[in-house]
Amino acid sequence: MDYLNNLLFGIYPYVALAIFFLGSLIRFDREQYTWKSDSSQLLKRSQLRWGSNLFHIGILFLFFGHAVGLLTPHWLYESMGLTTEAKQLLAMISGGAAGLTCLAGITLLLHRRLTEPRIRATSKPMDIIILLWVFVTLLLGLTSILFSAQHLDGADMLLLANWAQHIVTFRSGAAQFLLAVPLIFKIHLFFGMTLFLLFPFSRLVHVWSGFAAVAYLTRSYQVVRQRG
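Residues numbered from 1 in each chain as written. Predicted model: local features only at pLDDT ≥ 70, side-chain atom pairs only at ≥ 80, totals over all residues. Heavy atoms only, no water.

Asker: Outline the packing of helix H2 (residues 45-71) against helix H4 (residues 84-115), supporting the account with residue identities and numerical values.
Answerer: Closest axis-to-axis distance for the H2/H4 pair is 7 Å, and the angle between their directions is 150°. Overall, the two elements H2 and H4 adopt an arrangement that is roughly antiparallel. Considering the relative orientation of H2 and H4, their crossing is left-handed. Here the contact of H2 with H4 is composed, by residue class, of 13 nonpolar, 11 polar and two charged. (Axes fitted to C-alpha atoms, helices over the stretch in contact; angles between N-to-C directions. Helix = DSSP H or I, 4+ residues; strand = E, 2+ residues; numbered from the N terminus. Parallel < 35°, antiparallel > 145°, perpendicular 65-115°, else oblique. Left-handed = near helix turned anticlockwise from the far one by under 90°. Nonpolar A, V, L, I, M, F, W, Y, C, P; charged D, E, K, R; others polar.)

Asker: Please provide a residue-by-residue account of the pattern of salt bridges, values included.
Answerer: Inspection of every chain in the model, using the stated rule, returns two salt bridges. Arg118 is the partner of Glu116 in a salt bridge, and the nearest nitrogen-oxygen pair spans 3.1 Å. Owing to a relative accessible area of 53%, Arg118 belongs among the exposed residues under this scheme. Between Asp127 and Arg203 there is a salt bridge; the shortest N-O distance is 3.1 Å. One end of the pair, Asp127, is in helix H6 (residues 125-148); the other, Arg203, is in the loop between helix H8 (183-198) and helix H9 (206-212), with 76 residues separating them in the sequence. On the accessibility criterion, Arg203 (16% relative accessible area) is buried. (Salt bridge = Lys/Arg side-chain N within 4 Å of Asp/Glu carboxyl O. Buried < 20%, exposed > 50% of the residue type's maximum accessible area, 1.4 Å probe, protein only.)

Asker: Break down the packing of aromatic side chains for me, citing the residues and quoting the values.
Answerer: For the structure on display, the rule yields 11 aromatic pairs. Between Phe21 and Trp208, the ring centres sit 6.3 Å apart and the planes meet at 45°, which makes this aromatic pair tilted. Of this pair, Phe21 sits in helix H1 (residues 2-30) while Trp208 is found in helix H9, placing the two residues 187 residues apart along the sequence. When its relative accessible area of 48% is taken as the criterion, Phe21 is described as partly exposed. (Phe/Tyr/Trp six-rings, centres within 6.5 Å; stacked < 30°, edge-to-face > 60°.)

Asker: Before we move on, could you go through the side chain of Thr137 and cite the residues and values that matter?
Answerer: By the element assignment, Thr137 lies in helix H6. Discounting residues that sit within four places of it in the chain, Thr137 has contacts with His188, Phe191, Gly192 and Leu195. (Contact = heavy atoms within 4.5 Å.)

Asker: Account for unusual backbone geometry, naming residues and giving values.
Answerer: Note on backbone geometry: most residues besides glycine have negative phi, and most peptide bonds are trans. Even without a glycine there, the phi angle at Phe170 is positive, about 60°. The residue Phe170 is located in the loop between helix H7 (155-168) and H8 in this model. Note on Phe170: relative accessible area 65%, which makes it exposed.

Asker: Would you mind going over the side chain of Thr194 in detail, with residue names and values included?
Answerer: Positionally, Thr194 belongs in helix H8. Engagement of the side chain of Thr194 in a polar contact is seen with the backbone oxygen of Phe190, the distance being 2.7 Å. Here Thr194 is in contact with Tyr12 and Trp133, once residues within four sequence places are set aside. (Polar contact = N/O pair within 3.5 Å; in protein donor to acceptor, adjacent residues only side chain to side chain.)

Asker: Account for a nonpolar patch on the surface, with residues named and values stated.
Answerer: Among the surface-exposed residues, Tyr3, Leu4, Leu7, Ile11 and Val15 lie close enough to one another that they form a single nonpolar patch of about 480 Å² accessible area. One can find Leu4 in helix H1. (Patch = residues over 30% accessible without salt bridge, like charges linked within 9 Å, V, L, I, M, F, W, Y side chains within 5 Å. Areas by Shrake-Rupley, 256 points an atom, 1.4 Å probe, with all protein chains shown as cover.)

Take a look at the structure:
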């Protein structure tokens, strides 16, 4: 079990992240015409609008919430007067709300993609796989809140944060923090890490373009004059 734990949570994170970054770079370099979200907005536009907005609002909050929650050192939020117990409760409430928002959105998107024949006919296998994978990952994350509610002392949250901080700082022994963590958290982590691995092979690559669009905020104005 210790070997499997180290393989999944000590080695696999780096495999997933390496494929995430290198795969995205290679795809951008070699297949730029596939670097898009393959919009089908002309079909079931109302359901797409609701599903897409709910999904994106929820998933962005979850992404940055996980990043801040896991990577913020314990001493930093303690110094600001936020106890470990309060931080866990905040994460449960805000994460639960964002998770349900995202789940509602992806449910609409899945229903639209699987039940509309014209959309289904133009969908690639990975389009459906990635939606289902995110759907299951969300369900696992929401289920983990029920387990967190049974232990409000924040102990499991500290172990998860220590694991994440050791991974991103390339420190050894990261997997050891997860030995005592409930299985539901480990499964959720595995599904979450695998999303990074699948990322370069799916339509999710358009997320990079979304982040790159922030550069427009610092770009110089363009003056457009009519000819003549």
